[in-house]
Structures are given as structure tokens and as C-alpha cells.
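# Architecture at a glance
In case you want the letters, here they are:
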Amino acid sequence: MKKFYFSLAILICLLLPKSVFAHVLQTSGSIGAVMYVTPEDDPILNQQSHFFFEIKDKDNKFNFENCDCNGNIIEDEKVIFSTPLLKVSNDADPGFTYSFTKKGDYEIRITGKSHDASGFKEFEIEYPLKISRENDYGFIQKNAAILIVGIVLFGLLVFIFLRKNFTAVRQV
């Protein structure tokens, strides 16, 4: 019985999805920002990725409406994309959209300047980003295979357990 529960626990641990947390606070002076990327903080080659930035200021002077904020994508120390950060709605974090066309190491850089002298201090925040994921299809197929193998193994364990217990009941 203990072997059954131990085997079941190991099987469950193997099948649980592995979480990766990419939300890291980067700072520049009193300004701090956390970058969020869809899909799943792991951009897919040749598909749109949405970058959002939660920007905070220790001095409480930052106001997005008073910011000339830009998002840049850098490859091999060259800016390959630059755009103003935009808000999709009033309650959304500012961001931008981009599609990566080749695998590699990139840097996401956001910059900001206040429109007036009494505002927040100018900032520049950088995030490293590696593009290696090609599409979701292989990911889904790989996980589906693991799930099927897990279900089969679980079924075998239940069968063995029930057979053992049923045989024991017959002998009594």
C-alpha cells in the first residue's frame, strides 16, 4: 500500500507543470519596473509578443501621462525596434507589441523622461531576453504525450492495487 502511494506521489510530481517566474524588478534611481511578456513570459518566434511594464516610483513623482516613455529592443548592441510605450486602456500597464524573427539574445530597454522639470528623474531600465521558442505545437504535443503516459501508468498502478486487494479478499 505504501509503495502505491509513493508511486502515485512521484507520478504526480512528474506530471505537474514546471513554473518559471520571469517577473523581476529592475531599477534606475527611484524608478522601478517589472516586465511582463505574453505569451507565458517566453516569446514565440514569428508570433506577436506583448510587453507590459508596471512602473513605480519611490518618490511618488512618476505619472505615465507626464512621461515620454519608450520601449526598445536591442540585438548585438544595435536598436532594432523602438516605439513609445502605450496604454491600451486607462487601467492597463504601458507596453508595446513586437514579433521576433530570429532566435537569439536580446535586451529590452525602457526609457523615460518627465515632460516637466519638477517631475520624476529620467530613467533607463534593461531586461535580458533569450528567444528560443519556435511555436506552441511542439510544447502541446510533448505535454500531451507526458499526460497520456501518466494516465497509462496511473491506470496500471490502480489495476495492480485493485488486483492485489481483490485476490486477498478472495483468499479470505
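Residues numbered from 1 in each chain as written. Predicted model: local features only at pLDDT ≥ 70, side-chain atom pairs only at ≥ 80, totals over all residues. Heavy atoms only, no water.

### Some thoughts on the side chain of Asn66
Rules: Think of it this way: any DSSP run of H or I at least four residues long counts as a helix, any run of E at least two long counts as a strand, and we number them from the N terminus. Each residue is placed in one exposure class: buried if its accessible area under a 1.4 Å probe, protein chains only, is under 20% of its type's maximum, exposed if it is over 50%, and partly exposed if it falls in between. Contacts are assigned to residue pairs with any non-hydrogen atoms lying within 4.5 Å of each other.
Tracing the backbone through its elements, the reader meets Asn66 in the loop between strand E3 (48-57) and strand E4 (67-75). Relative accessible area serves as the criterion here: at 17%, Asn66 is assigned to the buried category. The residues touching Asn66, leaving out its near neighbours within four places in the chain, are Lys113, Ser114, His115, Asp116, Gly119 and Phe120.

### Remarks on the environment of Arg133
What counts, and what does not: By the criterion applied in these results, polar contacts are pairs of N or O atoms within 3.5 Å in which, for protein atoms, one can donate a hydrogen and the other can accept it, and in which residues neighboring in sequence qualify only through two side-chain atoms.
Looking at where Arg133 falls in the secondary structure, it is placed in the loop between strand E8 (123-131) and helix H2 (136-171). Residue class for Arg133 comes out buried when judged on its relative accessible area of 11%. Counting along the chain gives 87 residues from Arg133 to Asn46, while the straight-line C-alpha distance between them is 9.8 Å. Of note is the side chain of Arg133, whose polar atom sits 3.1 Å from the side chain of Glu40. Among the polar contacts made by the side chain of Arg133, one reaches the main-chain carbonyl oxygen of Asp42 at a distance of 3.1 Å.

### What to know about the nonpolar core
Side chains of nonpolar character tend, in soluble globular proteins, to be buried together. Applicable threshold: Only buried residues count toward a nonpolar core, which is a set of Ala, Val, Leu, Ile, Met, Phe, Trp, Tyr and Cys residues joined through side-chain atoms within 4.5 Å.
With 26 residues, the main nonpolar core has Phe51, Phe53, Ile55, Phe62, Phe100, Ile108 and Phe123 as its most contacted residues. Elements with a contribution of two residues or more to this core: strand E2 (31-38), E3, E4, strand E6 (95-99), strand E7 (104-114) and E8. In terms of residue count, E8 provides more of this core than any other element does, five residues in total. With sequence-adjacent residues up to four places away left out, Phe51 is seen in contact with Met35, Tyr36, Val37, Pro43, Pro94, Gly95, Phe96, Tyr98, Phe100, Ile108 and Leu129.

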